[in-house]
Each structure stands twice: as C-alpha cells, then as structure tokens.
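Reading the structure
Residues per chain, in single letters:
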Amino acid sequence: MAIYHATTKPISRSSGRSATASAAYRAGTEIKDERTGLTHDYSKRGGVLLATVFDKDDNEIDRSELWNLAEQAEKRKDARTAREWIVAIPSELMPEYPEQLSDDERRSTELLTDYQLRKEFAEHHAKDFSGTQTALDFGKMLSKKYGVAVDVAIHAPDEEGSNKNYHAHIMTTTREVSLSADGQVEFGDKATIELSNTKRKTLGLGATSIEIKELRAEWAKIANQALERKGFNERIDHRSYAERGIEQLPTQKLGWKASAMERRGLETDRGDINRAINAGNLKIKGLALEIRIDTNKREEQKQALEFQQGMDALRAKQQAAKALQATDTPPSPPKPQIEADIAPVIEGQTVNEALDVQQGFDKMVAQTAEKIRAKTIEPYKADMTRLAAEHKALKDNNSWLGRGKREKQMKELASEYKGIKRDFNATKKRDLTMDAKKNIEHTAPQAHATHEQARETLNYHASFRYGATEAQAGRQYTGEITAVTRLGVMQKTPTGRNVYHDLDSFEELPNVGDKVRVTYNKDNKAELVTVDRAELTRQTQQAELERQQSQGIKIDR
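On a predicted model such as this, the values are computed, not experimentally measured, just so you know.

Quick notes on the rules
Residues numbered from 1 in each chain as written. Predicted model: local features only at pLDDT ≥ 70, side-chain atom pairs only at ≥ 80, totals over all residues. Heavy atoms only, no water. Axes fitted to C-alpha atoms, helices over the stretch in contact; angles between N-to-C directions. Helix = DSSP H or I, 4+ residues; strand = E, 2+ residues; numbered from the N terminus. Parallel < 35°, antiparallel > 145°, perpendicular 65-115°, else oblique. Left-handed = near helix turned anticlockwise from the far one by under 90°. Nonpolar A, V, L, I, M, F, W, Y, C, P; charged D, E, K, R; others polar. Pairing = 2+ DSSP bridges. Contact = heavy atoms within 4.5 Å. Salt bridge = Lys/Arg side-chain N within 4 Å of Asp/Glu carboxyl O. Core = buried A, V, L, I, M, F, W, Y, C linked by side-chain atoms within 4.5 Å. Buried < 20%, exposed > 50% of the residue type's maximum accessible area, 1.4 Å probe, protein only. Polar contact = N/O pair within 3.5 Å; in protein donor to acceptor, adjacent residues only side chain to side chain. Phe/Tyr/Trp six-rings, centres within 6.5 Å; stacked < 30°, edge-to-face > 60°. Lys NZ or Arg CZ within 6 Å of the ring centre and 35° of its normal.

**Some points on the packing of helix H10 (residues 351–396) against helix H11 (residues 403–429)**
Running from N to C, H10 and H11 point in directions that differ by 160 degrees, and their axes come no closer than 9 Å. Between H10 and H11, the angle falls in the class roughly antiparallel. Every pair of crossing elements has a handedness; the one defined by H10 and H11 is left-handed. Classifying every residue of the contact of H10 with H11 gives twelve nonpolar, four polar and twelve charged.

Structure follows, in structure tokens:
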C-alpha cells in the first residue's frame with residue numbers, strides 16, 4: 001500500500017550540522033570539509049542504491065566540490081548551508097525487498113542464500129525502476145523551480161524497519177547555482193524558499209510554510225502520476241485527515257526500533273498507542289455510519305409522511321366531491337379489499353446471514369491468533385530449552401577445576417532464562433486479536449471483505465432498529481407497515497410507536513402500507529391479520545386525543 005511521507009528541514013551550523021557531512025552520509029561516500037579540515041568517511045555504509053548531483057540544466061556536478069563551496073559561501077556561524085527533503089517512494093514502484101530473517105531462519109543455509117540473492121537483485125536493479133525516476137523527477141522540479149543544485153540519494157529499506165520503506169534523501173543548496181563558461185560551479189543569490197517571510201512579502205511571495213505545503217502536494221502529484229502510468233490503483237494524498245473530511249485520528253510513527261520489536265511479537269508503548277488509536281478510529285467510523293444511516297432514515301420517513309398526508313388530503317377531497325353528487329339511490333356496497341398476492345423481494349445480506357458470517361469470522365480470528373501465538377513463542381521455547389540444557393551441563397560437572405567460573409556462568413544463564421521466560425509468559429497472555437485480523441486481511445482478503453460486509457450490515461441493522469420497540473412473544477401489535485427490508489420489518493402503531501419485527505418471525509412477509517395486526521405465539525412466530533382502515537384511523541385519533549389530554553393534565557398540574 002502506497003504511503004505518503006514528505007518532510008523538509010534545513011541543515012544549519014546552529015544545530016551542529018554541515019552540508020559536507022550530511023551529503024557524505026546520505027551518498028555513502030567520503031568528503032573532506034575544506035573549511036574545518038574534517039574528513040567525513042561513510043564509504044562503508046550500505047543501502048545506498050543511487051546517488052547523483054545535478055543542477056537546473058541537468059549538468060552533473062562533483063559532490064565534494066559542490067558542498068564545500070556551499071559551506072564556504074556562508075559566513076555566519078548559524079548559517080543554513082543546505083535544505084533536505086525526505087520522501088517515501090511508493091513500494092509499488094520499486095523491486096520487492098526481502099523481509100529480514102529471524103535468528104532461527106538465518107541458521108538455514110537455503111533461507112539465508114535466498115535472502116541474499118533477493119536482496120542483491122533488489123539493490124542492483126532498483127535504479128531501473130520507476131520509483132527511482134519519480135524521486136529524481138521531484139529533485140529536478142526543485143532544481144528548476146529555485147535554480148539550485150540537487151543531490152539525490154535513493155536508500156533501500158532499513159534492515160530493522162519495514163521491507164517496503166524505500167525512500168529518497170534530496171539535498172538542495174540554499175543558493176542559486178550555475179556553471180561558468182569554463183565549467184566552474186558558481187553560487188548566486190539565496191533561493192526564494194530560503195528568504196525570510198518579510199523579504200518574500202516585498203517580492204510578492206507568500207509565507208514559506210504555504211510554499212512548503214504546495215511542494216508536498218507536488219510530490220503527491222508526481223508519485224500518483226507514476227502509479228497511474230504503471231497501472232496501480234493506489235494513490236497518496238498530502239492532506240491531513242481533517243483536510244480531507246475524514247473523521248479519523250492519525251497514528252504515531254513507530255520508528256525502526258519499535259517496528260522491529262512489534263514484528264517480533266513484543267508490544268511497545270507506541271504500538272499500544274497506535275492500537276488504541278486504531279480501535280478509536282473504528283468506533284468513530286461506526287458512529288459516523290450510524291449517524292449517516294439515521295439521518296437518511298429520518299429523511300425517508302419525512303418524505304413518506306408528506307406523501308401519505310398528500311394522498312389522504314386527495315382522498316378526502318374526492319370523497320367530499322362524491323358526497324355532493326350523491327342521489328337517493330342507496331350506495332353500492334364497497335368492493336372487497338384486494339389483498340396483495342406478491343410478497344416483497346428481500347435483496348442483499350440479511351441480519352441472520354451477517355451473524356453467521358460474524359460467528360465464522362470470530363472463530364477464524366481465534367484460530368489464527370493461536371497460530372500466531374504458537375509461531376511467536378517457538379523461539380522462546382527453543383532458547384529456554386537450550387539455556388536449561390547448558391545450565392544442567394554446568395551443574396552436573398563436579399570437577400573442582402573452574403568451579404567459580406562455572407557458578408558465574410550458571411548465574412548468567414539463570415538470569416537470561418528468567419528474562420526469556422518472562423517474555424514467553426507475556427506473549428502467551430497477549431491479546432493477538434488485532435494481529436490475527438491484520439493477518440487475515442493480507443492472507444485471506446476474501447474472508448476479510450465478507451466480514452466487513454457483514455459488519456456493515458449489522459451496523460445498518462443497529463441504526464434501523466434505533467428507537468424502536470422490539471416485538472416480543474405472546475404480544476399483539478396493530479398498525480401500518482412502514483418498512484420491509486433485509487434488516488427487518490418496521491410497523492407504526494396508532495400511538496406513533498415504531499415496532500421492530502425480525503424477518504424470520506413471518507412465514508409470509510407483509511408489504512409496505514399494509515394495515516395489519518401482528519400476533520406472536522409463544523414460539524415467537526407472527527400471524528398477520530388485515531385490519532379495517534376506519535378502525536385503525538379511530539384508534540389513531542383516540543390515541544392522539546389521550547395524548548393531548550395527558551399533556552393538558554400535566555400543564556394543569
């Protein structure tokens with residue numbers, strides 16, 4: 001899944017940093033700082049897939065020369081000598097990088113060889129993938145926009161972090177750069193993005209913070225165009241959840257240490273915070289869905305009421321007209337009411353079907369959680385067995401030679417065993433529900449999608465039933481059927497009360513608009529009997545009269 005990340009910060013002497021040291025580290029090379037005499041040698045660091053320096057005309061520039069001139073161009077002790085952008089390259093645009101092996105897996109020659117071959121392939125071919133070009137395109141945009149020189153370094157995922165964390169470090173000079181006729185690098189005025197807001201205002205420019213937001217949006221645009229060209233549906237967005245109208249809290253960045261611990265099954269403080277945030281986001285999503293459904297339901301009920309009032313007014317007008325035209329001829333007997341002979345068709349997932357899916361998914365989650373637990377605690381069990389065997393061997397050695405050393409080793413083994421056992425017991429008690437659901441989402445997407453559909457149905461069902469009285473066995477309910485859906489049947493009584501009926505209670509479903517009496521037996525099965533419209537109207541009027549009288553009594557009191 002493509003993730004958005006684009007940040008920028010200046011490299012300044014006030015923070016104890018230099019452009020030469022920063023460039024050497026990011027490019028994995030050696031640079032001697034001519035101003036300080038220090039040599040920054042990072043030529044042995046790995047993970048640098050590509051490093052290149054160029055100006056606004058795509059001319060290649062010597063890295064050491066560029067950043068030494070950048071340092072020499074600034075005289076102040078707190079001067080900014082460079083600016084750095086860090087962007088996360090969508091993993092879809094880069095070769096698949098192998099996941100870090102555990103200590104047990106590294107003991108397997110076959111697994112270790114496969115890991116090394118896949119890692120070498122990814123690092124060797126990364127420069128040929130579109131993700132690398134995407135980062136270079138962003139660097140070229142910065143160079144042309146501000147007239148600066150740019151140093152782009154593409155880094156492979158850290159071994160301690162996620163295997164999808166391809167990223168680019170893009171350093172820019174703080175001054176405009178050009179090449180003289182004889183090919184010498186020359187530094188000019190400060191780039192507009194480095195000017196103070198006061199100076200920018202005199203030039204008709206907005207605040208630097210606004211311009212940085214625009215550049216963050218530009219990175220999203222460049223990356224999304226690359227994803228589209230490669231046929232991927234994933235997109236990244238520079239805007240916050242609030243700006244996008246998403247009622248969701250952002251999670252905290254774990255960092256590589258916490259990420260590595262979480263993958264080993266060890267809970268961290270930041271991981272706990274993110275799990276709490278994710279749980280809260282699920283609740284927010286559910287509440288927002290309920291509010292949206294309830295709003296739609298109220299609007300539909302309002303429209304249905306207005307329609308019914310209009311129809312009643314039309315019927316009253318027609319009846320009044322017929323009364324004026326009446327003669328002495330006795331009225332013909334009323335035609336019998338035509339019963340609907342076609343039962344409503346229920347489309348979509350019903351509540352009981354959703355409950356069955358929910359039950360099956362809960363069982364799947366429990367089984368998956370136990371599998372994860374078994375796999376997680378296996379290394380602990382192996383270490384405990386090994387330590388116990390080593391401790392026993394030392395204890396069984398009755399020789400006086402080296403006795404003090406053996407006792408020290410036994411204490412160290414016992415201490416290590418105690419620590420591992422503590423982690424082992426904590427892992428056995430740990431709630432792995434969220435881990436299991438996440439695992440199912442990746443390994444069994446169809447089951448996860450089916451569960452999400454069922455969860456949505458149950459959320460709709462909760463909103464559908466909200467505020468209604470649930471029908472009970474041995475009771476009788478009279479009124480008009482106002483809704484027949486996959487979520488159940490809703491009936492409005494003469495007193496204005498909404499009554500919810502389960503679909504499975506009926507052998508034959510009523511239709512919307514039917515005036516019926518629903519009688520439940522002791523087995524909670526419903527029997528439908530059509531009631532007279534006039535009788536139902538009389539009951540409604542009587543209920544309204546009693547309500548008004550009741551309000552009058554309260555007022556008198």
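**Observations concerning the sheet that holds strand E13 (residues 498–501)**
Taking strand neighbours across the sheet as the criterion, the six strands line up as E10-E13-E12-E11-E14-E15 in an open arrangement whose pairing is mixed. In this open sheet, the two strands that pair with only one neighbour each are strand E10 (469–470) and strand E15 (526–530). The pairing of strand E11 (residues 476–485) with strand E12 (residues 488–492) spans five bridges and is antiparallel. Across the sheet, the residue bridging to glutamate 480 is lysine 492, located in E12.

**Concerning the sheet that holds strand E7 (residues 167–173)**
Pairing is antiparallel across the open sheet formed by five strands, whose spatial order is E1-E5-E7-E6-E4. The open sheet has two edge strands, strand E1 (6–12) and strand E4 (48–54), and neither has a second partner. Shown here is a sheet whose adjacent strand axes are inclined to one another by a mean of 15 degrees, direction ignored. Pairing geometry for E1 and strand E5 (residues 80–88), over seven bridges, is antiparallel. Paired with threonine 7 across the two strands is isoleucine 86, which belongs to E5. Along the sheet face, helix H5 (residues 130–146) touches E4, E5, strand E6 (150–155) and E7 and points at about 25 degrees away from the line of E4.

**A short note on the pattern of salt bridges**
Counted by the stated rule, this structure contains 20 salt bridges. Beyond isolated ion pairs, a larger network of salt bridges with shared partners links Arg13, Arg35 and Glu71.

**Points about the nonpolar core**
If you look at the biggest cluster of nonpolar residues, it comprises 39 residues, and the most contacted ones within it are Phe138, Leu142, Ile154, Ile170 and Trp219. Contributing elements (two or more residues each) for this core: E4, E5, H5, E6, E7 and helix H7 (208–229). With eight residues, H7 is the single largest residue contributor to this core. Apart from the residues within four sequence positions on either side, tryptophan 219 is in contact with Tyr4, His5, Ala6, Val87, Ala88, Ile89, Pro90, Thr134, Ala135, Phe138 and Ile236.

**Looking at helix H2 (residues 63–73)**
Restricting attention to buried positions, one finds in H2 the residues Arg63, Leu66, Trp67, Asn68, Ala70 and Glu71. Its side-chain oxygen 3.2 Å from the backbone nitrogen of serine 64, aspartate 62 forms the N-cap of H2.

**A short note on the packing of aromatic side chains**
A ring pair, where both rings are aromatic, is described by two values, the distance of the centres and the angle of the planes. The final tally for this structure, using the stated rule, is five aromatic pairs. Taken together, a centroid distance of 5.1 Å and an interplanar angle of 90 degrees make the contact between tyrosine 25 and tyrosine 42 edge-to-face. Note that tyrosine 25 is positioned in helix H1 (residues 19–27) and tyrosine 42 in the loop between strand E3 (39–41) and E4, a separation of 17 residues in sequence. What makes tyrosine 42 partly exposed here is its relative accessible area of 32%. Where phenylalanine 464 meets tyrosine 500, the ring centres are 6.3 Å apart and the plane angle is 75 degrees; that geometry is what we call edge-to-face. Of the two residues, phenylalanine 464 sits in helix H13 (residues 445–465) while tyrosine 500 sits in strand E13, which places them 36 residues apart along the sequence. The rings of Trp85, Phe138 and Trp219 are connected pair by pair, giving a single aromatic cluster. Taking the ring centre of tyrosine 25 as reference, the NZ or CZ of arginine 45 above it sits at 4.4 Å.

**A look at unusual backbone geometry**
Look at aspartate 58: it is not a glycine, yet its phi comes out positive at around 65 degrees. Checked against the element boundaries, aspartate 58 lands in the loop between E4 and H2. Despite not being glycine, asparagine 524 shows a phi value in the positive range, around 65 degrees. Mapped onto the elements, asparagine 524 comes out in the loop between strand E14 (515–520) and E15.

**With respect to the pairing of E15**
Sheet topology places E14 next to E15; five bridges connect them, and they run antiparallel. Looking across to E15, one finds that tyrosine 520 is bridged to alanine 526. The loop that links E14 with its antiparallel partner E15 comprises five residues; one of these, asparagine 524, has a positive phi angle of about 65 degrees.

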